[in-house]
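# A closer look at the structure
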Amino acid sequence: MFSLLQEAATTAVETTEGVAVVVDETHAAGAHVPTPGVELVGHAEEAAGLPQLDIATFGNQIFWLVVTLVVLYLVLSRVALPRIAAVLSDRQGAVTGDLMAAEEFKHKAREAEAAYDKALADARHEAQAIVAQNRAEIQAQLDAAIAKADAEIAARTAESETRIREIRASAETDARQVARDVTAELVTAFGGRTDDAAVGAAVDGRMKGALQ
Amino acid sequence: MEGNIGELGQYIGVGLTAFGMGFAALGVGNVAGNFLSGALRNPSAAAGQTATLFIGMAFAEALGIFSFLVALLLMFAV
Amino acid sequence: MATEATGGGLEFHPMDQFVVSPLFGAGEVHWYTPTNVTLWLALTALASIALLVLGTRGRAIVPNRAQSMAEMAYGLVHKMIEDIAGKDGLQYFPYVLTLFMFVVFANLLGLIPMAFTVTSHIAVTGVLALAVFFGVTIIGFVKNGAHFLDLFWVRSAPLAVRPILAVIEVISYFVRPLSLSIRLAGNMIAGHAVIKVFAGFAAIAAVAPVAIIAVVGMYAFEVLVAFVQAYVFTILTCVYLKDALHPSH
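Residues numbered from 1 in each chain as written. Chains lettered and ligands numbered in written order. Predicted model: local features only at pLDDT ≥ 70, side-chain atom pairs only at ≥ 80, totals over all residues. Heavy atoms only, no water.

Looking at an unreviewed UniProt entry, one finds chain B named ATP synthase subunit c, with Paracoccus aerius as its source organism. Reading the Sequence similarities (unreviewed entry) entry of the UniProt record for chain B gives the comment "Belongs to the ATPase C chain family." (UniProt positions renumbered as here; feature names shortened; annotations may be inferred.)

## Comments concerning the packing of aromatic side chains
One pass over the structure, following the stated rule, counts 13 aromatic pairs over all chains. Centre to centre, the rings of Phe63(A) and Trp31(C) are 4.9 Å apart; their planes meet at 85°, and the pair counts as edge-to-face. Taken together, the residues Phe63(A) in helix 4 (residues 58–189) and Trp31(C) in the segment before helix 1 (36–54) connect one chain to another. The class for Phe63(A) is partly exposed, based on a relative accessible area of 31%. On the numbers, 5.0 Å between centres and 70° between planes, the contact of Phe141(C) with Phe148(C) is edge-to-face. (Phe/Tyr/Trp six-rings, centres within 6.5 Å; stacked < 30°, edge-to-face > 60°. Helix = DSSP H or I, 4+ residues; strand = E, 2+ residues; numbered from the N terminus. Buried < 20%, exposed > 50% of the residue type's maximum accessible area, 1.4 Å probe, protein only.)

## Regarding the packing of helix 3 (residues 93–110) of chain C against helix 4 (residues 122–144) of chain C
Residues and elements named next belong to chain C. The N-to-C vectors of helix 3 and helix 4 enclose an angle of 165°; their axes lie 12 Å apart at closest approach. In this view, helix 3 runs roughly antiparallel relative to helix 4, as classed from their interaxial angle. Crossing handedness for the pair helix 3 and helix 4: left-handed. Contact residues: Tyr 95, Leu 99, Phe 102 and Val 103 in helix 3; Val 124, Leu 128, Ala 131 and Val 132 in helix 4. Grouping the amino acids of the contact of helix 3 with helix 4 by side-chain chemistry returns eight nonpolar, no polar and no charged. (Axes fitted to C-alpha atoms, helices over the stretch in contact; angles between N-to-C directions. Parallel < 35°, antiparallel > 145°, perpendicular 65-115°, else oblique. Left-handed = near helix turned anticlockwise from the far one by under 90°. Contact = heavy atoms within 4.5 Å. Nonpolar A, V, L, I, M, F, W, Y, C, P; charged D, E, K, R; others polar.)

## Comments concerning the interface of chain A and chain C
Of the residues lining the interface, 43 residues belong to chain A; the matching set on chain C comes to 55 residues. Across the chain A/chain C interface, buried area totals approximately 4,500 Å², and carbon plus sulfur atoms make up 74% of it. Inspection of the region where chain A meets chain C yields one salt bridge. With its nearest N and O atoms 2.8 Å apart, the salt bridge here joins Glu71(C) to Arg91(A). The interface formed by chain A and chain C includes 11 residue pairs in polar contact (both at pLDDT 80 or more). When contributions to the side of chain A that touches chain C are tallied by element, the ones reaching two or more residues are helix 1 (2–13), helix 2 (18–32), helix 3 (43–46) and helix 4 of chain A. In terms of residue count, helix 4 of chain A provides more of the side of chain A that touches chain C than any other element does, 26 residues in total. Per-class residue counts for the side of chain A that touches chain C are 28 nonpolar, 11 polar and four charged. (Buried area = accessible area lost by both parts, 1.4 Å probe. Salt bridge = Lys/Arg side-chain N within 4 Å of Asp/Glu carboxyl O. Polar contact = N/O pair within 3.5 Å; in protein donor to acceptor, adjacent residues only side chain to side chain.)

## Details of the nonpolar core
Core analysis: the largest hydrophobic core is formed by 70 residues, its most contacted members being Leu52(C), Met101(C), Phe102(C), Val118(C), Phe233(C) and Ile235(C). Within the residue set of this core, elements represented by two or more residues are helix 4 of chain A, helix 3 (50–77) of chain B together with helix 1, helix 2 (65–84), helix 3, helix 4, helix 5 (162–201) and helix 6 (208–245) of chain C. Once residues lying within four places of it in the same chain are set aside, the contact partners of Phe233(C) are Leu99(C), Val103(C), Leu128(C), Ala129(C), Val132(C), Leu180(C) and Leu184(C). (Core = buried A, V, L, I, M, F, W, Y, C linked by side-chain atoms within 4.5 Å.)

Written as structure tokens, this is what we have:
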């Protein structure tokens with residue numbers, strides 16, 4: 001590619017010798033076109049043509065390539081792949097195991113939560129029972145106290161009533177006596193004769209209605 | 001420049017094969033661009049199609065590489 | 001031709017990095033000669049083994065960085081086969097993982113400056129692709145017998161177009177190893193050559209900053225390409241495996 005430019009430049013500058021130079025160079029270039037078989041010796045130094053198309057080196061490349069591939073295949077399939085597969089399955093196993101353990105722990109946590117809830121409910125229940133029992137006891141004591149107080153009050157009331165009745169009875173008797181005495185005196189003072197029976201009857205008759 | 005019209009034609013041919021590589025670039029760009037526009041419409045389906053993308057690009061590029069090979073053959077082996 | 005242009009401060013040798021040369025001394029490359037291909041193939045294999053075997057030697061439940069990278073690679077390929085080829089594709093998992101690890105490490109190691117990219121050689125990728133092609137074809141015939149040919153006889157199409165489709169299917173089937181190998185090698189050659197060309201421009205002081213920034217950008221892009229090409233190679237292997245295991249459309 002570049003030799004053409006080079007040649008053109010050469011011809012432009014050296015017009016006198018141009019023809020000979022160009023002919024020489026093209027001749028030399030033509031000799032370098034690879035012709036398999038002729039190129040066997042010394043192609044490395046000259047490197048004319050495309051190295052990829054140098055048939056002479058194909059056998060060498062193919063031989064060493066096959067050796068390399070076989071070695072690589074054997075090492076990979078015998079050593080590397082089983083190992084990586086084992087590591088990957090181990091990891092898979094570990095991950096699965098951990099997930100299962102986590103699931104188990106979750107289950108346990110849920111159970112513990114349920115037990116806690118149950119204990120809480122039991123305690124609440126018990127507390128309510130105790131409260132109810134206490135309330136019943138207090139109620140019973142209260143009832144007993146009230147009953148006792150009622151009884152006492154009733155007794156006091158009865159006693160008071162008795163005394164009031166007695167007082168009233170004595171007061172009535174006293175009043176009747178006073179009234180009878182006063183009536184007798186009055187009758188005597190007016191010049192009558194006192195008839196105790198009649199006076200008593202009259203006083204009783206007047207006092208019935210008044211004292212009741 | 002005397003008498004070497006064959007070599008001149010050879011190099012002109014090499015230059016012309018470079019167009020083939022340019023057209024292969026168009027093809028590869030077309031593949032990638034269409035993949036991108038499809039992937040932007042439906043990004044969830046794009047991940048599964050990267051293998052197809054690479055196969056398509058490889059096929060498009062292979063033809064450009066063929067023209068490159070023709071250029072090399074013209075330059076060195078003819 | 002291009003490699004011979006010298007003078008004016010510009011030296012372009014974009015293809016020199018792909019030259020196969022003997023490790024010890026010079027001379028003819030026989031089929032048994034230890035060459036730079038041999039060295040980088042061995043380094044690729046050692047890197048894969050270091051990641052997948054040494055990285056997982058802890059067998060830890062909680063992985064360290066190397067182990068989780070190894071498990072990521074394992075998981076990526078495992079899921080790929082399972083998703084595309086189905087459960088019965090998993091018996092070919094070791095081989096598909098070997099392919100993936102080999103390609104991804106060959107691509108990445110090739111990005112080390114002064115390194116040799118084994119996947120940039122048609123011979124190497126061709127062997128990989130042909131192994132997939134023949135393996136898949138043999139699996140298809142062993143598992144399905146003559147029914148494997150249903151792959152080419154599209155029963156869902158009208159009868160009239162079926163022969164035409166069959167021709168197209170057969171052609172596309174036989175192009176598979178070609179496209180598989182050339183895609184990988186072509187990507188690697190192109191990326192490395194472009195980096196080399198930009199690096200060559202860095203010899204001119206005026207454009208050196210631009211060239212160096214371009215090299216850095218291309219390098220980052222090539223790291224991405226290294227992964228994507230390994231992924232694509234593996235995923236296409238899985239697609240072909242699916243066709244072999246379940247040939248009916």
